[in-house]
Amino acid sequence: MYMALNQITTLCLAVTLFLIGSFLVKRIGFLNRFCIPAPVVGGLLFALLATVLKSFDIVEITLDTSLQSIFMITFFTTIGLGASFKLVKLGGKLLIFYWLACGFLALMQNVIGVSLAKVLDIHPLIGVMAGAVSMEGGHGAAAAYGETIEGLGVASAVTIGMAAATCGLVAGGLVGGPVVQYLIRKFNLQPSSEETEEYVEKSQHPVTEKSFMMQVFLITFSMAVGTYIGEWFSNVTGFVLPGYVGAMFTAVLVRNIVDRFNPELINMKEINLIGDISLGIFLSMALMSIKLWEIADLALPLFIIILAQVVFIVLFAVFVLFRLLGKNYDAAIMVSGFLGHGLGATPNAMANMSAVVSKFGPSRTAFLIVPIVGAFLIDVFGMPIIITTINMFK
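As named in an unreviewed UniProt entry, the protein is Sodium/glutamate symporter, taken from Lysinibacillus odysseyi 34hs-1 = NBRC 100172. Quoted straight from UniProt, the Sequence similarities (unreviewed entry) entry for the protein says "Belongs to the glutamate:Na(+) symporter (ESS) (TC 2.A.27) family." The heading Function (unreviewed entry) in the UniProt record of the protein holds the text "Catalyzes the sodium-dependent transport of glutamate."

In structure tokens:
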């Protein structure tokens, strides 16, 4: 028996699963503690249900996820519009060091993923999906790049990426606290008494219909121009550049041009709201449509690759990054954030740091630098590295 859901019904289901996921995250301690995203919870539950129904020959559900790409591009565009160059100046050289470390991590995650994929005799692009795409990129990048890689002929790339991203998210939450507590106790670290200027972007105007529509215009304008740039670049060079990448970098240019002439025009409260909604629907659609039965044979290779990723990032964070950032309390807290978003997502990084500072004391430097890099600067290195690797092995 088959059940086909149309475009609108699929959208309704995605929103419903997002709400169910939100409900469960608030009430189940494990999900809340490790900051598992609500759409991941709701989407995976539906994917599991669909797998069970298919396995017992009860019903096979097909979904029309044609709207997924629009929400995906919208989300990445809102990330670009948040990339004000003013933020980089506040972080100083520590932000640059942390940023470079994130770029190096993305490179090494792809090296590890591709190398182990070859050793395990699976397609190198599967290694890419279990590398920087799902580790530093998280669920959003796994869904986005997964579509691109599936278009290159690698079946179930989205499913593989989502599975790897979920494992990475949990691992990032598990190792962050213990590793930093080890550093704090070994080196007898204490919070600094010096005050670091903390940047808080404030909206100077209330949410109104006119203001909201202006944000919608800036987003859609960046999306329109950026997707054409991506298509043009791919056609001229033969180098695969997904449309959402062009849209995001166009949005970065739009943001900083607007800042020069009218800084009050962009309202990040509204931009972030649109981005959060788009990400929630996009991830719900991506997760609920994955076919878990298609990656059963890849369970062991994926586990080996992800375990290697966890071991590498812990060793790099403890023996390189901690010392690079000053070998002090702020450096230790930034290590916890690095482990969080290096294996999962920025909310995971913030959760790691919050748990540590609630026990040992504040670190304004860490809470300034980690969100700035994790939210959008990381993609400046991550995207070119991922795209180049994909093109090397397509």
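A. Here's a closer look at the side chain of Thr389. Position of Thr389 among the secondary structure elements: in helix H15 (residues 364-393). You can call Thr389 buried: its relative accessible area is 10%. Separated by 2.7 Å, the side chain of Thr389 and the backbone oxygen of Ile385 make a polar contact. The contacts of Thr389, once residues within four sequence positions are left out, are Asn110, Val114, Leu125 and Val128.

B. Region of interest: the side chain of Gln309. As for its placement among the helices and strands, Gln309 is situated in helix H12 (residues 299-324). Here Gln309 is in contact with Gln109, Ile112, Gly113, Ala130, Gly131, Met135 and Leu343, once residues within four sequence places are set aside.

C. Up close: the pattern of salt bridges. Summed over the entire model, instances satisfying the criterion amount to 2 salt bridges. For Lys54, the salt bridge goes to Glu60, with nearest N and O atoms at 3.5 Å. Residue Glu60 is classed as partly exposed on the basis of its relative accessible area of 23%. Here Arg255 and Asp259 are joined by a salt bridge, their closest N and O atoms 3.0 Å apart.

D. Geometry of unusual backbone geometry. The backbone of Asp121 sits at a positive phi, close to 60°, despite the residue not being glycine. Backbone geometry places Asn188, a non-glycine residue, at a positive phi of 50°. As for its position among the elements, Asn188 is in the loop between helix H8 (157-186) and helix H9 (209-237).

E. Representation of the environment of Leu283 within the structure. Tracing the backbone through its elements, the reader meets Leu283 in helix H11 (residues 268-288). With 244 residues separating them in the primary sequence, Leu283 and Pro39 have C-alpha atoms 5.7 Å apart. When neighbours within four sequence positions are excluded, Leu283 is seen to be in contact with Pro39, His139, Gly140 and Met162.

F. Just helix H13 (residues 329-343), in detail. Taking 1.5 Å of rise per residue, the 15 residues of H13 would be expected to cover 21 Å, and the 22 Å separating its terminal C-alpha atoms lies within 8% of that figure. Judged by how many residues are buried, H13 sits mostly within the fold: 15 of 15 residues are covered. Where H13 starts, the residue carrying a side-chain oxygen 3.4 Å from the main-chain nitrogen of Asp330 turns out to be Asn328.

G. Quick look at the packing of H9 against helix H10 (residues 243-261). The geometry of H9 relative to H10 is characterised by a closest axis approach of 7 Å and an angle of 130° between their N-to-C directions. The pairing of H9 with H10 is recorded here as oblique in orientation. As H9 runs across H10, the sense of the crossing is right-handed. Within the contact between the two elements, H9 uses Leu218, Phe221, Ser222, Met223, Val225, Gly226, Thr227 and Ile229 and H10 uses Gly243, Gly246, Ala247, Thr250, Ala251 and Val254. Taken together, the residues of the contact of H9 with H10 sort by class into 8 nonpolar, 6 polar and no charged.

H. Structural detail: the environment of Phe30. Mapped onto the elements of the fold, Phe30 is located in helix H2 (residues 29-33). Given a relative accessible area of 40%, Phe30 falls into the partly exposed group. C-alpha of Phe30 to C-alpha of Leu95: the two residues are 65 residues apart in sequence and 32 Å apart in space.

I. Focus on the packing of aromatic side chains. Applying the stated criterion across every chain, the model contains 8 aromatic pairs. Ring geometry for Phe312 against Phe316: centres 6.0 Å apart, planes inclined by 10°, an arrangement best described as stacked. Taken as a pair, Phe312 and Phe316 lie in helix H12 at a separation of 4 residues, close to a single helical turn.

Here is what the cut-offs are and how they apply
Residues numbered from 1 in each chain as written. Predicted model: local features only at pLDDT ≥ 70, side-chain atom pairs only at ≥ 80, totals over all residues. Heavy atoms only, no water. UniProt positions renumbered as here; feature names shortened; annotations may be inferred. Helix = DSSP H or I, 4+ residues; strand = E, 2+ residues; numbered from the N terminus. Buried < 20%, exposed > 50% of the residue type's maximum accessible area, 1.4 Å probe, protein only. Polar contact = N/O pair within 3.5 Å; in protein donor to acceptor, adjacent residues only side chain to side chain. Contact = heavy atoms within 4.5 Å. Salt bridge = Lys/Arg side-chain N within 4 Å of Asp/Glu carboxyl O. Expected span 1.5 Å × (residues − 1). Axes fitted to C-alpha atoms, helices over the stretch in contact; angles between N-to-C directions. Parallel < 35°, antiparallel > 145°, perpendicular 65-115°, else oblique. Left-handed = near helix turned anticlockwise from the far one by under 90°. Nonpolar A, V, L, I, M, F, W, Y, C, P; charged D, E, K, R; others polar. Phe/Tyr/Trp six-rings, centres within 6.5 Å; stacked < 30°, edge-to-face > 60°.

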